[in-house]
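# Coordinate inspection notes
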Amino acid sequence: MNTALTAAEQSLLENLDPAWTLDAVMALFEKPFGDLVFEAQQVHRSHFEPNSVQLSTLLSIKTGGCPEDCGYCPQAARYHTGVANSDLMSVGEVLTAARAAKQNGATRFCMGAAWRGPKQRDLDKVAEMVAAVKSLGLETCATLGMLREGQAEQLKGAGLDYYNHNIDTGADHYQRVVSTRTQDERYETLTRVRAAGLSVCCGGIVGMGESRQTRAELIVQLANMDPYPESVPINNLVQVKGTPLHGIAPIDPFEFVRTVACARVTMPRAMVRLSAGREQMSDELQALCFMAGANSIFYGDKLLTTGNPQAASDRRLFSRLGIEASTSNGVPAD
Ligand code: SAM
Ligand code: DTB
Ligand code: SF4
């Protein structure tokens, strides 16, 4: 048998992205820590600048009072978390925040709203915000909940680059965390987002009392999307008093790094975002996450409603690690 492949065949094979099985991802999770991080580093280095991390700033454009019951979320109206509700911001307020984010070095700006899904009148206003933020030269992302027919197209038309909609956890665990919607409904929105030509930002939260197998299921579900998401946020649960998940045993920090590494190995060209939970992490743990292939962080002293490390402290950390804030817009190097 002739085993020599032409360059074209080789490239075709590399781009096939064969399906990941639960066994294969569990085997990754179970590797010795050093071996898994080494593998993730190799994959990372073959697709991205190794010491470059993208800075993304988040803004809550509509806060609190959400009708959903996500067990992790401080913005659900039914939990008493002390979050002050506020109406949808004005386009001018959002633009001011986006200018400041750009001035501080962010290249990506993500707008989040505490909705089950946007009403048409609200979406018209968000579309104006997207166009204004895009005109500053920032990469744009929005997370507004479930989208109806035509809404993803409207956002795309306004200049939206990515839509964030997380599947959050493995399918079996999902209904233990959220009862007001199903994970299948999340997939429906993701299909609309993809069909509209938007890039998909989809990841999850760990540290919600799930097993390693559930984390592996989350990774399998993400990696087997066709194509897999261009952007994969890995959140560590920020425990907020008043939410059902407050007080749950936190995840072992090394297991968090393993989750990041598995995302990198299974989704080689995705931006893997070290998302919520950094304020509770040591510098050393964050450094391990970068070694495991994370190449984006949320930057600025607030996530949506909870804290995030101060920008100056992140700049110091980058300098100690020889990491540069990327100037690119998240498109892979090759
Ligand atoms: N309401 C919209 C939705 O749920 O799709 C958009 C905003 S929602 C706050 C965006 C994402 O934030 C959620 O999907 C979840 O992954 C993440 N999130 C919310 N609360 C969190 C927490 N306490 N810790 C970590 N991530 C959290
Ligand atoms: C994502 O995956 N994480 C971000 C962003 N997408 C919208 C949100 C984190 C929220 C953390 C809790 C809070 O600050 O309210
Ligand atoms: Fe609402 Fe989103 Fe929070 Fe769920 S995660 S309660 S949908 S804001």
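Residues numbered from 1 in each chain as written. Chains lettered and ligands numbered in written order. Predicted model: local features only at pLDDT ≥ 70, side-chain atom pairs only at ≥ 80, totals over all residues. Heavy atoms only, no water.

### Observations regarding the environment of Cys66
Rule in force here: Runs of E in the DSSP output that reach at least two residues are strands. Runs of H or I that reach at least four are helices, and both are numbered from the N terminus. Only protein chains enter the area calculation, which uses a 1.4 Å probe; residues under 20% of their type maximum are buried, those over 50% are exposed, and those in between are partly exposed.
Its location among the elements puts Cys66 in the loop between strand 1 (52-62) and helix 4 (91-103). For Cys66, a relative accessible area of 9% puts it in the buried group. As for Cys66 and Tyr79, which are separated by 13 residues in sequence, their C-alpha atoms are 9.8 Å apart.

### What about helix 12 (residues 311-321)?
Note that an α-helix has 3.6 residues per turn; residues three or four places apart therefore point the same way. Defined as follows: Working note: the arc is built from the helix axis to C-beta atom directions. Note on contacts: a residue pair qualifies if any of its non-hydrogen atoms lie within 4.5 Å across the two residues.
Every buried residue of helix 12 is listed here: Ala311, Asp314, Leu317 and Phe318. One side of helix 12 carries all its buried residues, which in axial view fall inside an arc of 120°. Residues Arg316, Ser319 and Arg320 are exposed on helix 12 and point more than 90 degrees away from its buried face. In this fold, the buried residues of helix 12 make contact with strand 1, helix 11 (283-291), strand 9 (296-298) and strand 10 (324-325). In the stretch just after helix 12, Gly322 is the one whose phi turns positive, near 70°.

### Overview of the packing of helix 10 (residues 253-266) against helix 11
The axes of two packed helices give the description: the angle between them and the distance between them. Put simply, the test is: Geometry is summarised by axes, namely lines fitted to C-alpha atoms with helices restricted to the contacting stretch, and by angles between N-to-C directions that run from 0 to 180 degrees. Small angles under 35 degrees read as roughly parallel and large ones over 145 as roughly antiparallel, with 65 to 115 read as roughly perpendicular and the rest as oblique. For any pair of crossing helices, the crossing counts as left-handed if the nearer helix is rotated counterclockwise from the farther one by less than a right angle, and right-handed if it is rotated clockwise. Polar here means any residue other than Ala, Val, Leu, Ile, Met, Phe, Trp, Tyr, Cys and Pro, which are nonpolar, and Asp, Glu, Lys and Arg, which are charged; Gly is therefore polar.
For the pair helix 10 and helix 11, the least separation of the axes is 8 Å and the interaxial angle reads 25°. Accordingly, the angle class assigned to the pair helix 10 and helix 11 is roughly parallel. In this structure, the crossing between helix 10 and helix 11 has a hand that is right-handed. Together, Pro253, Phe254, Phe256, Val257 and Val260 of helix 10 and Leu285, Leu288 and Cys289 of helix 11 make up the contact between the two elements. The residue inventory of the contact of helix 10 with helix 11, partitioned by class, reads 8 nonpolar, no polar and no charged.

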